[in-house]
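# Summary of the model geometry
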Amino acid sequence: MKIKSLAKSLMYCGLVTALTACSSSGIDRSDLDETIQRYHAVVLDQEPVTLNSRVPEGMVTGASYGLFDELDGDSEDMISGVLAGVLVGGVVSALADGSNEAIRYRLYHQGKGEFAVISKQQLDEDVQCVEVHQAQQVKLYAVDAEFCQQAQNEASVKAVYGAQVQRMGSNDWRTATVIIEGDSIAAVTEINEEIPAGAQLIDARDTWLIPGLIDGHVHLSQSGSAFTRPDIIGATALHSYDQDQAWLTNQLPDILHDYLRLGITTIADLGGPTQRLHSRNQLDCTTGCPTILSAGELISVVPVAPLTGNDGPTFMTTQTPAEATAAVKMQRGFGAQISKFVFTNEGGLSPQQLQQHFYAAMAEAKAHGQIVAVHAQDLDYAKAAIRAGADILVHGVMTAAIDREFIELAQAHDVTYMPTLTAYEHYLSIFKQQLTFTEFEQRFADAYVLNSFVELQENLPATEQMFQIFTRYVPLVDASPEERSALSAQEQAIVQQLEALFSQRILQVQFSNLRAALEAGLKVGFGTDAGNPGTLHAVAVAEEIRAWQRAGVDAAAIFQALTIGNALAFDMAQQQGGIAQGKTATFNLLQRDPLEDPQALLAPTHVFQGGSLVYVADDSL
């Protein structure tokens, strides 16, 4: 019974008649002297109330009306009318001890729904479950919470109550209850609205309920170790690429579970061997896996031979537009939801030539509902990618400031700008032999990944010449003019060439362009490029958040990029990215306000995916 419906009955009887006028001649009040029901109920909340001196008479008459009219004297169906009977006991008790002070308890019983009790009893605020003894007066006895949980575990309807939920379109929070039916959100209601009978209750008080996080750029074909990119870190004499891939295949279920533990419920795998897509669909996800959106090989014009393993290449070389289109069709046949293209100058093609080369292939992908992601770092190539049909620009523009033409193109084509700041920064740290890991990263990372960088540093002479050149000269790129002038002419030339690729200046350009994209109102997504050396799966989100903060981006923009920003980028906003009726019930409960501290995003107490509770912080799920 809702409080509102009871109030109507109170008003009706209070205005029309005196105390006994609403009683039924067939029911003797003395019949209520014995306990007619005992049951357990969840305590939703409690609050002090003051009984107005004129209230008792009306409440008593209203109680009689509600009790007899709704129950028809059936004592076995008493719970739906408990508020009526309880008000009698509560008011009589209040009058008896001469005090108008009482407590209103909102309670829930799975079989009958929600009701309220007004009582003089003062229970501890942390009481979660009570045994209700109902007769002429109602008594509440605190009991262990497990008594209220026994019948709820298999309920198809769930009610997550008391959490702070963000108001749509604002940074404000409201206390609400989220009703889940099946895999969807059936309703988001005010906290004081009735909870459906039969619902499993999840106590979310003192938490913030947010959409599941989305990492829009990872590589599940890369381990994050020092040996996972032999095309950049030539260390196969220490550890072969196939060995690294074998370790990754074995550890992938645990890596995916780490994403869920951090509340990252969806990831976009932006490039790897297409043949792995079938086997990935058969992963053992008994410990929980995020939803995976997958691309096949990166479609390019330049081969990257060192990244070819037993499952095929990571980069697919196409020499004609027809080959690029055929690549899209082939990958889609394996289940790829994303097509990833490379727009760089390594193949000697101009931005316009690449636009012509990939235009038909991108149109083929979009015509069949695939998302088109493009790797483009230079401004002119990024513009060409937008004209060719890009949906998402990953990495962001790194070598020059984005200009008005770029912004207008991105707006006109509804493109998402998705930088990856820390992956680049980690390469710089590796080349400078300064890579370190935070305590948070070490807690999640496998010893194999962490130890790979120790092994690399201890065995630099065994690495390939190009990597030794990097470690020798990249540290000098940002050196003072005096330090660089002490180098030989040949060394100065090497440093100058490396400066175009590796420099703190490039990181600052990335920072500046991210701010410019946000200020211009572009769609902005969040990606980590996890799997690259030093950019560890799952925990990379924490480092990327810090990088965005160093770039001057506030917590609200980071939160938005990780949720609705990425949902829009991957055309999932109808299902994900917000908390609203009709969306998939995929969300996290946090202990702290993420708009105060975005690192709170990665410390969920509970993670729900498709309506199921898939992770509890103190659980071994």
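Below or above, wherever it landed, is the structure these notes cover. (Residues numbered from 1 in each chain as written. Predicted model: local features only at pLDDT ≥ 70, side-chain atom pairs only at ≥ 80, totals over all residues. Heavy atoms only, no water.)

A word on the overall build of the chain. Looking only at helices and strands, the chain features 18 helices and 25 strands. Evaluated residue by residue, the chain yields a buried proportion of 57% over its 621 residues. Contacts in the chain between residues far apart in sequence, at least 24 positions, make up 70% of those at least 6 positions apart. (Helix = DSSP H or I, 4+ residues; strand = E, 2+ residues; numbered from the N terminus. Buried < 20%, exposed > 50% of the residue type's maximum accessible area, 1.4 Å probe, protein only. Contact = heavy atoms within 4.5 Å.)

On to the pairing of strand 21 (residues 416-419). The alternating pattern of strand 21 places T416 and M418 and Y417 and P419 on opposite faces, both of which are buried. Relative to strand 21, strand 20 (residues 392-395) runs parallel, the two sharing four bridges. Pairing of V394 across the sheet is with M418, part of strand 21. After leaving strand 20, the chain enters helix 9 (residues 404-412) and then returns to the sheet as strand 21, a path that is right-handed. As defined by bridge partners, strand 21 adjoins strand 22 (residues 523-524) across two bridges and the pair is classed as parallel. Paired with T416 across the bridge in strand 22 is K523. (Pairing = 2+ DSSP bridges. Right-handed = clockwise from strand over helix to strand, strands pointing away.)

So, on to the side chain of S294. Among the secondary structure elements, S294 is positioned in strand 13 (residues 291-294). You can call S294 buried: its relative accessible area is 6%.

The next subject is the sheet that holds strand 2 (residues 101-109). Spatially, five strands are ordered 3-2-1-4-5 in an open sheet, and the strand pairing comes out antiparallel. Each edge of the open sheet carries a strand with a single partner, namely strand 3 (113-119) and strand 5 (138-142). In this sheet, adjacent strand axes meet at a mean angle of 40° when their direction is disregarded. Here six bridges tie strand 1 (residues 37-50) to strand 4 (residues 129-134), and the two strands are oriented antiparallel to one another. For V42, the partnering residue across the bridge sits in strand 4 and is C129. (Axes fitted to C-alpha atoms, helices over the stretch in contact; angles between N-to-C directions.)

Take the packing of aromatic side chains next. Overall, the coordinates contain 15 aromatic pairs when judged by the stated rule. Seen from their ring centres, W173 and F559 are 6.4 Å apart, and the 20° between their planes marks the pair as stacked. Of the two residues, W173 is situated in strand 7 (residues 173-181) and F559 in helix 18 (residues 555-569); the sequence distance between them amounts to 386 residues. Summarising the burial analysis for this pair, W173 and F559 share the class buried. Where F431 meets F470, the ring centres are 4.9 Å apart and the plane angle is 50°; that geometry is what we call tilted. (Phe/Tyr/Trp six-rings, centres within 6.5 Å; stacked < 30°, edge-to-face > 60°.)

This brings us to the sheet that holds strand 11 (residues 213-218). Spatial strand order, 11-12-13: three strands in an open sheet with parallel pairing. Looking along the sheet, the strands with just one partner apiece sit at the ends: strand 11 and strand 13. Strand after strand, the sheet turns through a mean of 15° between neighbouring axes, direction not considered. Where strand 11 lies against strand 12 (residues 264-269), four bridges are found, and the strand directions are parallel.

A separate point is the pattern of salt bridges. The full count for this structure, using the stated rule, is 21 salt bridges. Notably, a salt bridge pairs D258 with R261, separated by 3.1 Å at the nearest N-O pair. Taken as a pair, D258 and R261 lie in helix 4 (residues 241-261) at a separation of three residues, close to a single helical turn. On the basis of relative accessible area, D258 is assigned to the buried category, the value being 13%. Exposure remark for R261: the relative accessible area of 30% places this residue in the partly exposed category. In this structure, R484 engages E499 in a salt bridge whose closest nitrogen and oxygen atoms are separated by 3.3 Å. (Salt bridge = Lys/Arg side-chain N within 4 Å of Asp/Glu carboxyl O.)

Moving on: helix 13 (residues 465-473). Turning to helix 13, its buried residues are F467, F470, T471 and Y473. Elements that come into contact with the buried residues of helix 13 comprise helix 10 (421-431), helix 12 (447-458) and helix 15 (489-499).

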